[in-house]
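Report on the structure
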Amino acid sequence: MSTALLQIREVSKTFHSDGGDTVALDQIGLAVNTGEIVSIIGPSGCGKSTLLKIVAGLDIDIEGDVLLEGEPITRPSREKGFIFQEHRLFPWLNVERNIAGNLSLRDPAVRRQVDDLITLVKLQGFEKTYPKQLSGGMAQRVAIARALLRNPKVLLLDEPFGALDAFTRSHMQEALLDIWRENRTTMLFVTHDIDEAVFLSHRIVVLDSRPGRIKSIITNDLTLPRKRTSTAFQELRTVVLRTLEHTEPEKESWEI
Ligand SMILES: Nc1ncnc2c1ncn2[C@@H]1O[C@H](COP(=O)(O)OP(=O)(O)OP(=O)(O)O)[C@@H](O)[C@H]1O
Ligand SMILES: [Mg+2]
């Protein structure tokens, strides 16, 4: 029997403060297979970012455990690439140097890898451009290339396209699937956007809030490339929306 690449086993997280305890996550169990894109969706404050930080090894003060290839995650490492909502590029470094980070572009192997990634994220011609001259979508593509340079076993994305306009966002979703087709990178993808979750992922994890629990895991069998206008796409979107509506007693507006 094959073992999942990433195993989140009975993970609970409580934040302690003077104002009292907040149970952010309660008994989360999830296994992510190699090459799988899994989306996490749920109301604001349900613990999505908390869960991603735990998988990244940025928060180890938890109950339960998280394993990557069977090994407990105890700290951040290059095996876990993290993409934030804002690109977090260094403004004083151009595109290629942002991607290379502390690796030398004089090293032919690094040079080749950086060039390949620039091609992969379609930024040829922008190698020497600085972040302030890039659009939001381009900057986020640099951030993705920077994470991929470290050959992560899993890419963790926390609403990476949340700050982009709808048009750029849909282009970025297609770009991410192109990258996936090329590299089969395993991804855990946090989003508020139902359409994005259905477009991108093999499975959609719907979280409940207060405390954060898994409400449902919805399998997405739609074949790639997915057509947003297809009846099957709309039907699955409705299933996710209904599950979310059952999740949140207060009325929330979901992006669909
Ligand atoms: N450092 C912290 N200290 C105390 N409480 C925290 C801390 N970080 C998060 N929380 C609480 O944990 C819960 C989950 O927060 P989290 O940021 O994971 O939610 P989220 O699902 O990512 O929300 P959003 O969709 O708004 O980004 C919230 O109730 C939040 O107030
Ligand atoms: Mg969050």
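As the structure is a prediction and not an experimental result, all values here were calculated from the model.

Cut-offs applied
- Residues numbered from 1 in each chain as written.
- Chains lettered and ligands numbered in written order.
- Predicted model: local features only at pLDDT ≥ 70, side-chain atom pairs only at ≥ 80, totals over all residues.
- Heavy atoms only, no water.
- Phe/Tyr/Trp six-rings, centres within 6.5 Å; stacked < 30°, edge-to-face > 60°.
- Lys NZ or Arg CZ within 6 Å of the ring centre and 35° of its normal.
- Helix = DSSP H or I, 4+ residues; strand = E, 2+ residues; numbered from the N terminus.
- Core = buried A, V, L, I, M, F, W, Y, C linked by side-chain atoms within 4.5 Å.
- Buried < 20%, exposed > 50% of the residue type's maximum accessible area, 1.4 Å probe, protein only.
- Domains from an automatic or database assignment.
- Contact = heavy atoms within 4.5 Å.
- Pairing = 2+ DSSP bridges.
- Axes fitted to C-alpha atoms, helices over the stretch in contact; angles between N-to-C directions.
- 1 Å grid on protein atoms, 1.4 Å probe; cavity = no way out; pocket = protein on both sides within 12 Å on 5 of 7 lines; lining within 4 Å.
- Points joined across faces, edges and corners; volume = space filled by probe spheres on them.
- Buried area = accessible area lost by both parts, 1.4 Å probe.
- Salt bridge = Lys/Arg side-chain N within 4 Å of Asp/Glu carboxyl O.
- Polar contact = N/O pair within 3.5 Å; in protein donor to acceptor, adjacent residues only side chain to side chain.
- Nonpolar A, V, L, I, M, F, W, Y, C, P; charged D, E, K, R; others polar.

Counted by the stated rule, this structure contains 3 aromatic pairs. Each ring, one from Phe82 and one from Phe84, has its centre 4.4 Å from the other, and the planes form 20 degrees; the classification is stacked. Taking NZ or CZ as reference, Arg88 lies 3.7 Å from the ring centre of Phe84, over its face. Its guanidinium or amino end placed over the ring of Trp180, Arg184 lies 4.2 Å from that ring's centre, counting from NZ or CZ.

Time to look at the environment of Asn33. Residue placement: Asn33 occurs in the loop between β2 (20-32) and β3 (37-41). Considering only alpha carbons, one finds Asn33 and Pro160, 127 residues apart in sequence, at a separation of 21 Å.

Turning our eyes to something else, we now look at the nonpolar core. Formed by 49 residues in total, the largest nonpolar core has its most connected members in Ile41, Ile99, Val114, Ile144, Leu176, Ile204 and Val240. Among the elements that take part in this core, helix α4 (residues 136-149) stands out by supplying 9 residues, more than any other. Viewed by domain, this core spans two of them, domain 1 (34-62 + 74-79 + 153-250) and domain 2 (91-151), each represented by three or more residues. Once you skip the residues sitting within four places of it in the chain, Ile204 turns out to touch Ser39, Ile41, Ala197, Val198, Ser216, Ile217, Ile218 and Val240. Leu30, Ile40, Cys46 and Ile73 belong to the second-largest nonpolar core, a separate cluster that totals 26 residues.

The strand order across the open sheet formed by 4 strands is β2-β1-β4-β5, and the pairing between neighbours is antiparallel. Lying at the two open borders of the sheet, with one neighbouring strand each, are β2 and β5 (71-72). Sheet topology note: the strand β4 (residues 63-68)/β5 ladder contains 2 bridges and is antiparallel. Across the sheet, residue Leu68 finds its bridge partner in β5, namely Glu71. Along the sheet, helix α1 (residues 48-56) contacts β1 (6-17), β2 and β4; its crossing angle with β1, the most-contacted strand, is approximately 120 degrees.

Roughly 380 Å³ of internal volume is contained in the largest pocket. Taken together, 16 residues form the lining of the largest pocket, with Lys80, Gly81, Phe82, Phe84 and Ala147 sitting closest to its centre. Broken down by secondary-structure element, the contributors of at least two residues to the lining of the largest pocket are β6 (80-83) and α4. At 4 residues, the largest contribution of residues to the lining of the largest pocket is made by β6. When residues are assigned to domains, the lining of the largest pocket turns out to be shared by domain 1 (34-62 + 74-79 + 153-250) and domain 2 (91-151), each giving three or more.

For the protein, the domain assignment lists domain 1 (34-62 + 74-79 + 153-250) and domain 2 (91-151). Taken together, the contact between domain 1 and domain 2 spans 14 residues of the former and 12 residues of the latter. Three residues, Arg78, Met172 and Ile179, lead the burial of domain 1 against domain 2; their summed loss comes to 43% of the area buried on that side. The interface formed by domain 1 and domain 2 holds 1 salt bridge in total. Measuring nitrogen to oxygen at the nearest pair gives 3.3 Å for the salt bridge that ties Lys122 to Asp178. Across the domain 1-domain 2 interface, the total number found is 2 residue pairs in polar contact (both at pLDDT 80 or more). Tallying contributions element by element places helix α5 (residues 166-183) first for the side of domain 1 that touches domain 2, with 7 residues. Its residues placed into classes, the side of domain 1 that touches domain 2 shows 7 nonpolar, 3 polar and 4 charged.

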